[in-house]
Amino acid sequence: MSTIVLPDAQPLPAGPAKKARSPWQKWGLIMLAPYIVLFLVFALFPVGYGLWLARHPASYEQLFDDPIFFRSAFNTLAFLVIAINVKMVIALFLSGFFVQARTWIKWLSLVFILPWAVPSIPTILSIRFMLNPEWGIINSLIFRYTGLDGPNWLNDPILALALAMVVHIWKSLPFWTLILIAGRLAIPAEHYEAASVDGATRWQTFRYITWPSMRTLYLTCLILSMIWTLGDFNSVYLLTGGGPADLTHVLATLGIRYLRLDMVNLSLAAIVVAMPAVVPLMYFMMKRLSK
């Protein structure tokens, strides 16, 4: 009777040994732990809790029944379309002005950056006092030199919203100008020298050298500015307070209005409805940065 000889069973190869963390890695985890706790407590938990409080469909039905909500949504859209694009275009061309190596331009840049460096509350409130129809400095000057009473600047909804856009542009313009100046300085000077030798005009230099080199940075700044502006309430709340008759509210200040009326569910719902606009902007920004 023949027998079958089975091959000896080979032991399975052992998996890679788990390496113990080095002392530097352990210290790194220890140093990161407080920041992780702070992020969970002050960022992730409030957002999650707010979404949980805004989970009831009745809150959104009540929100959509409020005509002020649709006016605030329109104002927010106007802010994003008009104010941000005007601000970024001005910042793009001002970056070309301040990048020049002249002494007086360097000193002028120090004055230009002050609106962004100074806190929002005193600067915007000072502008509000200047626009006061009775004792504001603007109407006082109009009356002194023309003998006419100046307009009630913040009593007209369209004019008040336009002034809020102007304040927003004035306040944040220096920051984005500095970012675009950094982008211009990253362009090799040899490109401009070659364009000058070829007899290119300023417009041709901008079109074929500056803009292609800065297009990605400009669009990234544009998207990031939209995201920040959706959550910014200083320009509107400090200047107009949402008035007159709650007609200049944006979504960020509308949430504060509902909080003052002790309507927390509507306040959170007004913030949550802006997320469908924020999430795509964040997606496009991260996608552009990953290129």
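Summarised in this report is the structure supplied together with it. Being a predicted model, the structure only gives us computed values, none of them experimental. (Residues numbered from 1 in each chain as written. Predicted model: local features only at pLDDT ≥ 70, side-chain atom pairs only at ≥ 80, totals over all residues. Heavy atoms only, no water.)

**Overview of the packing of helix H6 (residues 120-130) against helix H8 (residues 157-185)**
Phase 1: For the pair H6 and H8, interaxial distance at closest approach is 12 Å and the crossing angle is 140 degrees. Taken together, the axes of H6 and H8 are oblique relative to one another. At the point where H6 passes H8, the crossing takes the right-handed sense. On the side of H6, the interface is formed by Ser 120, Thr 123, Ile 124 and Ile 127, while H8 contributes Val 167, Trp 170 and Lys 171.
Phase 2: In terms of residue class, the contact of H6 with H8 is built from four nonpolar, two polar and one charged. (Axes fitted to C-alpha atoms, helices over the stretch in contact; angles between N-to-C directions. Helix = DSSP H or I, 4+ residues; strand = E, 2+ residues; numbered from the N terminus. Parallel < 35°, antiparallel > 145°, perpendicular 65-115°, else oblique. Left-handed = near helix turned anticlockwise from the far one by under 90°. Contact = heavy atoms within 4.5 Å. Nonpolar A, V, L, I, M, F, W, Y, C, P; charged D, E, K, R; others polar.)

**Quick word on the nonpolar core**
Phase 1: The biggest cluster of nonpolar side chains holds 27 residues, and the ones touching the most others in it are Ile 84, Met 88, Leu 92, Leu 180, Met 226, Ile 227 and Leu 281.
Phase 2: At the level of secondary structure, the elements contributing two or more residues to this core comprise helix H3 (67-98), helix H4 (103-112), H8, helix H10 (202-230) and helix H14 (275-289).
Phase 3: A total of ten residues in this core trace back to one element, the largest contributor, which is H10.
Phase 4: Leaving out residues up to four positions away in the same chain, Met 226 has contacts with Leu 80, Ile 84 and Leu 281.
Phase 5: In terms of nonpolar packing, the next biggest core, distinct from the first, is built from 20 residues, Leu 161, Ile 169, Leu 239 and Val 250 among them. (Core = buried A, V, L, I, M, F, W, Y, C linked by side-chain atoms within 4.5 Å. Buried < 20%, exposed > 50% of the residue type's maximum accessible area, 1.4 Å probe, protein only.)

**Structural notes on H8**
Given 3.6 residues to a turn, an α-helix orients residues that are three or four positions apart in the same direction.
Phase 1: The end-to-end C-alpha separation of H8 is 41 Å, in line with the 42 Å expected for 29 residues at 1.5 Å each.
Phase 2: Taking the largest bend as the criterion, H8 deviates by roughly 45 degrees, centred on Leu 173, and proline Pro 174 comes between one and four positions later.
Phase 3: Put simply, Asp 156 is the residue that caps the front of H8, since its side-chain oxygen is 3.3 Å from the backbone nitrogen of Ile 158. (Expected span 1.5 Å × (residues − 1). Bend = angle between axes of the 7 residues up to and from the residue. Polar contact = N/O pair within 3.5 Å; in protein donor to acceptor, adjacent residues only side chain to side chain.)

**Quick notes on the packing of aromatic side chains**
Phase 1: Overall, the coordinates contain 17 aromatic pairs when judged by the stated rule.
Phase 2: Ring geometry for Trp 176 versus Trp 228: centroids 5.5 Å apart, planes at 40 degrees, classification tilted. Residue Trp 176 is located in helix H8, and its partner Trp 228 is located in helix H10; the two are separated by 52 residues in the primary sequence.
Phase 3: By relative accessible area, which is 46% here, Trp 228 ends up partly exposed.
Phase 4: Looking at Arg 55, its charged tip hangs above the ring of Trp 52, at a distance of 3.9 Å from the centre. (Phe/Tyr/Trp six-rings, centres within 6.5 Å; stacked < 30°, edge-to-face > 60°. Lys NZ or Arg CZ within 6 Å of the ring centre and 35° of its normal.)

**Things to note about unusual backbone geometry**
Phase 1: Cis geometry is adopted by the peptide bond preceding Pro 244, which originates at Gly 243 and carries an omega value of 0 degrees.
Phase 2: Residue position: Pro 244 is located in the loop between helix H11 (234-239) and helix H12 (251-260).
Phase 3: The backbone phi angle of Ala 245 is positive, close to 55 degrees, even though this residue is not glycine.
Phase 4: Along the chain, the position of Ala 245 falls in the loop between H11 and H12.

**Observations concerning the packing of H3 against H10**
Phase 1: At a closest axis distance of 10 Å, the pairing of H3 and H10 adopts a crossing angle of 145 degrees. Classified by chirality, the crossing of H10 by H3 is right-handed. Contact with H3, carried on its side by Thr 76, Phe 79, Leu 80, Ile 84, Asn 85, Lys 87, Met 88, Val 89 and Leu 92, involves Phe 206, Trp 211, Met 214, Tyr 218, Cys 221, Leu 222, Ser 225, Met 226, Thr 229 and Leu 230 of H10 and no other residues of that element.
Phase 2: The residue makeup of the contact of H3 with H10, split by class, is 14 nonpolar, four polar and one charged.

**Describing the environment of Phe 70**
Phase 1: The residue Phe 70 is located in helix H3 in this model.
Phase 2: Its relative accessible area of 47% is what places Phe 70 among the partly exposed residues.
Phase 3: Distance from Phe 70 to Trp 176, taken between C-alpha atoms, is 30 Å for residues 106 residues apart in sequence.

**Remarks on the environment of Phe 69**
Phase 1: Relative to the assigned elements, Phe 69 resides in helix H3.
Phase 2: When its relative accessible area of 6% is taken as the criterion, Phe 69 is described as buried.
Phase 3: Along the backbone, Phe 69 and Ala 270 are 201 residues apart, and their C-alpha atoms lie at a distance of 7.8 Å.
Phase 4: Setting aside residues no more than four positions away along its own chain, Phe 69 makes contact with Leu 63, Phe 64, Leu 251, Leu 254 and Val 273.

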